[in-house]
Amino acid sequence: MIKTIIFDFGDVFINLDKPATKKAVDKLGTIEWDASLHEVLLQYEVGSIDTANFINHFLTRLPNATKEDISTAWNAILKDFPTYRLEFIKKLAEQQEYQLILLSNTNELHINWIIENIPFYEVFKNCFEAFYLSHEINLRKPDAAVFEFILEKHQLQASETLFIDDTSENTEGAAQLGIHVWNNNPATEDVIDLFTIKSELF
């Protein structure tokens, strides 16, 4: 029986346009999305480099761009947060039947945009017993370490835990530890249908 539900954030609650950032950055000039740039992105996601250094790295590759250009392009991935999903998680929190945890690979620029543009962000955050962002805990999915961290910190049994994420690589990482998973497809599935789609777990 499931006692704890761990939710991803992007394309579970807030809608994303994943190709949008690369398209927006490419409009600022010619840039090679090579291994070194990918490493910078990973470092930023786990808080190994700060926002100023992250933006400056892009500016060295895009000398005609401004800091504001980079920030705007980087946040292009972020779209709307439907209020019906907020109502879903609020109701789930009020029922107190499950321990609710959020785990997101999120960087500082993205979460700052969300705080500034999603008026009910604090209400949403308060629905969870724990709210883990990769750049704050210096761990990211799909690494086993981040799931082990949560299991140990909250004294969870993997067999009693469900993890929901739109990225198969992330759910596969959790599944390897014995955690139940739902790799939701944001194009055809919605988190509010959790108890219908994964009814066999509840």
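Residues numbered from 1 in each chain as written. Predicted model: local features only at pLDDT ≥ 70, side-chain atom pairs only at ≥ 80, totals over all residues. Heavy atoms only, no water.

Asks: Could you clarify how one ought to interpret the overall build of the chain in this entry?
Replies: A tally of regular secondary structure across the chain gives 11 helices and 5 strands. Taken over the C-alpha trace, the chain has a radius of gyration of 18 Å; the compact-globule value for 202 residues is 17 Å, and the two agree within 12%. When its C-alpha atoms are laid out on the principal axes, the chain stretches across 55 × 30 × 30 Å. Here the chain holds 202 residues, and the buried ones make up 50% of them. Entry remark: accessible area of the chain is about 10100 Å², with carbon and sulfur atoms responsible for 47%. Within the chain, the 32 negative side-chain charges are centred at a point lying 3 Å from the centre of the 16 positive side-chain charges. (Helix = DSSP H or I, 4+ residues; strand = E, 2+ residues; numbered from the N terminus. Rg over C-alpha atoms; globule rule 2.2 N^0.38 Å. Buried < 20%, exposed > 50% of the residue type's maximum accessible area, 1.4 Å probe, protein only. Areas by Shrake-Rupley, 256 points an atom, 1.4 Å probe, with all protein chains shown as cover. Lys, Arg positive; Asp, Glu negative; His and termini not counted. Charge placed at Lys NZ, Arg CZ, Asp CG, Glu CD.)

Asks: Which parts of the structure should I look at to understand the nonpolar core?
Replies: Core analysis: the biggest nonpolar cluster contains 33 residues, and I5, F7, F9, F13, I89, F124 and F128 have the highest contact counts within it. Top element by residues in this core is helix α5 (residues 83-95). It accounts for 4 residues. I89 has contacts with F7, F13, L100, F124, C127 and F128, leaving out every residue within four places of it along the chain. (Core = buried A, V, L, I, M, F, W, Y, C linked by side-chain atoms within 4.5 Å. Contact = heavy atoms within 4.5 Å.)

Asks: I tried to follow the packing of aromatic side chains on my own but got confused; where do I start?
Replies: Working definition: an aromatic ring pair is given by the centre-to-centre distance plus the angle between the planes. Scanning the model with the defined rule gives 25 aromatic pairs in all. Between F124 and F128, the aromatic rings sit 5.1 Å apart at their centres with planes inclined by 75°, giving edge-to-face as the arrangement. Among the aromatic residues, ring-to-ring pairing joins F7, F9, F13, F81, F120, Y121, F124, F128 and F131 into one connected group. (Phe/Tyr/Trp six-rings, centres within 6.5 Å; stacked < 30°, edge-to-face > 60°.)

Asks: I would appreciate a short explanation of the packing of helix α3 (residues 51-61) against helix α4 (residues 67-74) in the present structure.
Replies: Helix-helix packing is characterised by the crossing angle of the two axes and by the distance between the axes. At their nearest, the axes of α3 and α4 sit 10 Å apart, and the two run at 105° to each other. The angle between α3 and α4 places the two elements in the roughly perpendicular class. Here F54, I55, N56, F58 and L59 of α3 lie close against α4, whose contacting residues are K67, I70, S71 and W74. A breakdown of the residues in the contact of α3 with α4 according to their chemical character gives 6 nonpolar, 2 polar and 1 charged. (Axes fitted to C-alpha atoms, helices over the stretch in contact; angles between N-to-C directions. Parallel < 35°, antiparallel > 145°, perpendicular 65-115°, else oblique. Nonpolar A, V, L, I, M, F, W, Y, C, P; charged D, E, K, R; others polar.)

Asks: Quick question: what am I supposed to make of the pattern of salt bridges here?
Replies: This structure, assessed with the given rule, holds 10 salt bridges. A salt bridge links K90 to E87; the shortest N-O distance between them is 3.7 Å. Placement of the pair is K90 and E87 together in helix α5, with a separation of 3 residues, close to one helical turn. Linked by salt bridges that have partners in common, D8, K141 and D165 make up one network. (Salt bridge = Lys/Arg side-chain N within 4 Å of Asp/Glu carboxyl O.)

Asks: Please clarify how the pairing of strand β3 (residues 130-133) should be interpreted in this entry.
Replies: Across the two faces of β3 the burial is the same, with A130 and Y132 and F131 and L133 all buried. In the sheet, strand β2 (residues 99-104) pairs with β3 via 4 bridges, with the strands oriented parallel. Bridge pairing in β3 places I101 opposite A130. (Pairing = 2+ DSSP bridges.)

Asks: Can you help me understand the pairing of strand β5 (residues 180-183) in this one?
Replies: Consecutive residues of a regular strand have side chains that alternate between opposite faces of the sheet. Note that strand β4 (residues 161-165) and β5 share 4 bridges and pair parallel. Bridged to I164 within β5 is W182. Viewed along the sheet, the connection from β4 through helix α10 (residues 168-175) into β5 turns out right-handed. (Right-handed = clockwise from strand over helix to strand, strands pointing away.)

Asks: Any chance you could explain α5 here in plain terms?
Replies: When the terminal C-alpha atoms of α5 are compared, their 19 Å separation across 13 residues agrees well with the 18 Å that a helix rising 1.5 Å per residue should span. Residues of α5 that are buried sit in contact with β1 (4-7), β2, α7 (121-125) and α11 (194-197). Following α5 by one or two positions, Q96 adopts a phi angle in the positive range, close to 55°. (Expected span 1.5 Å × (residues − 1).)

Asks: How should I be thinking about unusual backbone geometry in this particular structure?
Replies: Phi is mostly negative for residues that are not glycine, and the peptide bonds are mostly trans. The omega torsion across K141 and P142 is 5°, close enough to zero to call that bond cis. Along the chain, P142 falls in the loop between α8 (134-137) and α9 (144-153). With a phi close to 55°, Q96 is a non-glycine residue in the positive phi region.

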